[in-house]
Amino acid sequence: MSAPCDASPSEQTTHTQILKSTLLVGASSVVGVAFSIIRNKAVALMLGPEGIGLMGLYSALADMAQNLAGMGVQSSGVRQIAEAAGTNDDETIARTALVLSRTALVLGAVGALLLLLLAVPLSGLTFGNHQQAGGVALLSLAVALRIVSGGQMALLQGLRRISDLAIVNVAAAFAGTVITIPLIYLFGLRGIVPSLITVAIVTGLVSWHFRRRVQLPSIGIPPPLFGQESRRLLKLGLVFMASGLLTFGAAYANRLIVLHAEGIASAGFYQAAWAIGGLYAGIVLQAMGTDFYPRLTAVSGNNAECNRLVNEQVQMSLLLAGPGVVATLTFAPFVLHILYSHAFDGATDLLRWICLGMMLRIVAWPMGYIVIAKEAQATFFWTEVAATVVHVGLAFVLVPYFGAAGAGMAFLGLYIWHGVLIYFIVRRMSGFRWSRENAGIAPVFILACALVFLATQALSLWQSTATGSAVLLLTGLYSLRKLVRLVPHSSLPSPLKVLIARFA
């Protein structure tokens with residue numbers, strides 16, 4: 001027998017849509033995570049914490065260069081494509097897509113050239129020497145390919161071709177594993193940059209394949225109109241670029257703070273803890289960005305509808321990601337041993353602090369999309385500036401006293417600050433209020449995480465694991481029962497129906 005569904009028909013539709021997109025993106029993410037686990041385990045065994053730290057620094061440098069050179073066109077492109085798709089005019093969509101692809105191509109070439117020219121000073125700034133300048137120069141190819149493929153993926157996301165995006169992500173994860181392991185085995189540390197280039201090549205080819213499958217009319221565009229459309233794309237993109245640059249810059253700065261304060265091994269701890277801490281929550285947040293952003297953009301002019309969608313997204317995100325965060329808190333040392341090695345025991349406390357921050361991030365992120373959807377560019381920019389200052393400032397103060405764990409404390413402090421700030425901003429912007437359901441659900445998971453964290457600090461390993469396991473069981477059943485009442489029984493996957501028959 002199916003459980004009663006408490007949500008209204010329109011809410012059921014939204015909850016079902018969120019669940020389906022989360023499961024689809026989540027399934028591809030799980031596959032990607034499986035490949036990532038294999039890849040990280042192999043690299044950790046072959047290179048140790050130092051190798052993981054070096055790979056993290058190269059990845060952070062590539063992310064920051066891509067964001068700076070890409071000028072935010074992937075994110076602004078999603079919005080422009082979603083807006084064009086709302087007109088149901090194929091020519092408008094085709095024109096927007098053409099401007100997006102040409103702009104991404106030019107930016108990719110310029111970005112590669114700049115990174116090539118700045119390879120020597122960037123190597124000195126990042127690694128403290130010029131020995132990695134050749135690797136930084138080679139990284140320019142990966143950056144160019146990432147920007148071009150980002151334009152192609154923006155089209156797919158704006159048109160909400162979620163299954164195509166899922167395949168692209170799986171292909172990139174597969175390539176990243178089957179190529180990286182042999183390269184690291186054969187060349188050691190020198191294989192890190194070629195592995196990043198290989199992933200970028202595969203992602204570019206697969207995204208190009210699916211881009212070609214989008215049936216749009218072949219049209220020309222006069223230079224004046226192209227200039228007008230590209231300026232609009234870049235104007236919004238600059239705000240996204242600044243935001244991404246601040247985010248990646250904060251991650252880059254925090255790695256450097258840990259590196260200089262604690263050494264390359266602690267930088268490896270930071271990389272490992274960050275990858276695991278965002279693992280499960282990242283699946284939900286990625287699904288949010290993939291499907292939720294275009295949907296919210298379409299109703300951004302209607303405050304009531306906008307606020308309803310955000311509350312529903314928060315609700316589903318907490319129910320889907322909350323138990324995963326509790327599980328990561330509980331089994332942190334075991335997860336580090338399995339995914340990396342015993343050499344990463346020093347990352348345990350750092351990972352737990354990051355988990356606490358991730359729980360607050362799940363609550364805060366959907367609210368932030370209101371600012372983006374409404375194109376409140378100045379507000380968006382300054383909130384990101386404030387977040388970066390708080391994040392890096394806290395890390396700068398805490399890492400010297402608490403070691404690598406201080407970087408996790410800084411992440412928690414960031415989302416305490418950012419969650420409060422963004423709530424009051426969107427409250428003034430759209431009249432946003434927490435729904436009664438979220439006012440009850442959010443404290444349950446926040447208190448559950450706090451309880452498990454305190455247990456890990458005050459009790460022995462096995463006592464805290466037993467306590468966390470009990471809390472995990474209770475929060476898992478709580479989420480399951482809530483989901484049953486939000487989503488029609490017929491829309492649930494078969495495994496969930498089996499669980500419902502037993503526990504709901």
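Residues numbered from 1 in each chain as written. Predicted model: local features only at pLDDT ≥ 70, side-chain atom pairs only at ≥ 80, totals over all residues. Heavy atoms only, no water.

## Remarks on the overall build of the protein
- Across its full length, the protein holds 18 helices and zero strands.
- Counting all 504 residues of the protein, 56% fall into the buried class.
- Accessible surface for the protein amounts to roughly 21,000 Å². Of this, 66% is attributable to carbon and sulfur atoms. (Helix = DSSP H or I, 4+ residues; strand = E, 2+ residues; numbered from the N terminus. Buried < 20%, exposed > 50% of the residue type's maximum accessible area, 1.4 Å probe, protein only. Areas by Shrake-Rupley, 256 points an atom, 1.4 Å probe, with all protein chains shown as cover.)

## With respect to the packing of aromatic side chains
- The full count for this structure, using the stated rule, is 13 aromatic pairs.
- Residues Phe334 and Trp462 carry aromatic rings whose centres are separated by 5.7 Å and whose planes lie at 40 degrees to one another, so their mutual orientation is tilted. Within this pair, whereas Phe334 is found in helix 12 (residues 332-339), its partner Trp462 is found in helix 17 (residues 461-486), the two being separated by 128 residues in sequence.
- Geometrically, the ring pair formed by Tyr423 and Trp434 is stacked, given 6.0 Å between the ring centres and 5 degrees between the ring planes. (Phe/Tyr/Trp six-rings, centres within 6.5 Å; stacked < 30°, edge-to-face > 60°.)

## Quick look at the state of the cysteines
- This model, assessed by the stated rule, comprises zero disulfides.
- In this structure Cys449 is a free cysteine whose sulfur lies 7.8 Å from that of Cys355, the closest cysteine sulfur available.
- When its relative accessible area of 2% is taken as the criterion, Cys449 is described as buried. (Disulfide = S-S within 2.5 Å.)

## Looking at the side chain of Arg361
- Take Arg361: it is sitting in helix 13 (residues 348-373).
- Summary of buried charges: Arg361 has no salt-bridge partner, and the nearest side chain of opposite charge, Glu384, is 8.6 Å away.
- Once residues within four sequence positions are removed from consideration, Arg361 is found in contact with Trp274, Leu285, Phe411 and Tyr415. (Lys, Arg positive; Asp, Glu negative; His and termini not counted. Salt bridge = Lys/Arg side-chain N within 4 Å of Asp/Glu carboxyl O. Contact = heavy atoms within 4.5 Å.)

## What to know about the pattern of salt bridges
- If you walk through the whole model with that rule in mind, you get four salt bridges.
- Measuring nitrogen to oxygen at the nearest pair gives 2.5 Å for the salt bridge that ties Arg308 to Glu305. Placement of the pair is Arg308 and Glu305 together in helix 11 (residues 303-330), with a separation of three residues, close to one helical turn.
- One salt-bridge network, in which partners are shared between bridges, spans Glu305, Arg308 and Glu312.

## Considering unusual backbone geometry
- Residue Met71 is not a glycine yet carries a positive backbone phi of 55 degrees.
- With respect to the helices and strands, the residue Met71 is situated in the loop between helix 1 (9-70) and helix 2 (73-85).
- Taking the relative accessible area as the measure of exposure, Met71 reaches 23% and is therefore partly exposed.

## Concerning the environment of His418
- Following the sequence through the fold, His418 ends up in helix 15 (residues 405-430).
- Classification of His418 as buried rests on a relative accessible area of 9%.
- Sequence separation of His418 and Ala386 is 32 residues, and the distance between their C-alpha atoms is 8.3 Å.
- Sequence-distant contacts of His418, defined by excluding residues within four places in its chain, comprise Ala364, Thr383, Glu384 and Ala387.

## Quick look at the nonpolar core
- Ranked by internal contacts, the top residues of the largest apolar core, which has 131 residues, are Tyr58, Leu318 and Tyr340.
- The biggest single contributor to this core is helix 13, with 17 residues.
- If we ignore the near neighbours within four places in the chain, the residues touching Tyr340 are Asn40, Lys41, Ala44, Ile52, Ala272, Ala275, Ile276 and Val335. (Core = buried A, V, L, I, M, F, W, Y, C linked by side-chain atoms within 4.5 Å.)

## Let's talk about the packing of helix 12 against helix 13
- Look at helix 12 against helix 13: their axes get within 9 Å of each other, and the N-to-C directions meet at 115 degrees. As helix 12 runs across helix 13, the sense of the crossing is right-handed. Between helix 12, through Ala332, Pro333 and Leu336, and helix 13, the contact on the second element is made entirely by Thr348, Leu351 and Arg352.
- Here the contact of helix 12 with helix 13 is built from residues that sort into four nonpolar, one polar and one charged. (Axes fitted to C-alpha atoms, helices over the stretch in contact; angles between N-to-C directions. Left-handed = near helix turned anticlockwise from the far one by under 90°. Nonpolar A, V, L, I, M, F, W, Y, C, P; charged D, E, K, R; others polar.)

## Regarding the packing of helix 9 (residues 264-277) against helix 13
- Where helix 9 contacts helix 13, the axes come no closer than 9 Å and their chain directions differ by 40 degrees. On the basis of the axis angle, helix 9 is oblique to helix 13. Crossing geometry of helix 9 relative to helix 13 is assigned as right-handed. Where helix 9 abuts helix 13, its residues Phe269, Tyr270, Ala273, Trp274, Ile276 and Gly277 lie against Leu350, Leu351, Ile354, Met358 and Arg361. (Parallel < 35°, antiparallel > 145°, perpendicular 65-115°, else oblique.)

## A closer look at helix 2
- The terminal C-alpha atoms of helix 2, which comprises 13 residues, lie 17 Å apart, in line with the 18 Å expected from a rise of 1.5 Å per residue.
- Within helix 2, burial applies to Val73, Ser76, Gly77, Val78, Arg79, Gln80, Ile81, Ala82 and Ala84. (Expected span 1.5 Å × (residues − 1).)

## Regarding the confidence of the model for the protein
- For the protein, the average pLDDT comes to 81, and 90% of its residues sit at 70 or higher.
- Per-residue pLDDT stays below 50 along residues 1-5; that stretch engages in 10 contacts with residues further than four places along the chain or on separate chains. (pLDDT = per-residue confidence, 0-100.)

## Some details on helix 17
- Compared with the 38 Å implied by 1.5 Å per residue over 26 residues, the 37 Å span of helix 17 between its first and last C-alpha is a close match.
- Of all the positions in helix 17, only Ser464, Thr465, Gly468, Val471, Thr475, Ser479, Leu480, Leu483, Val484 and Leu486 are classed as buried.

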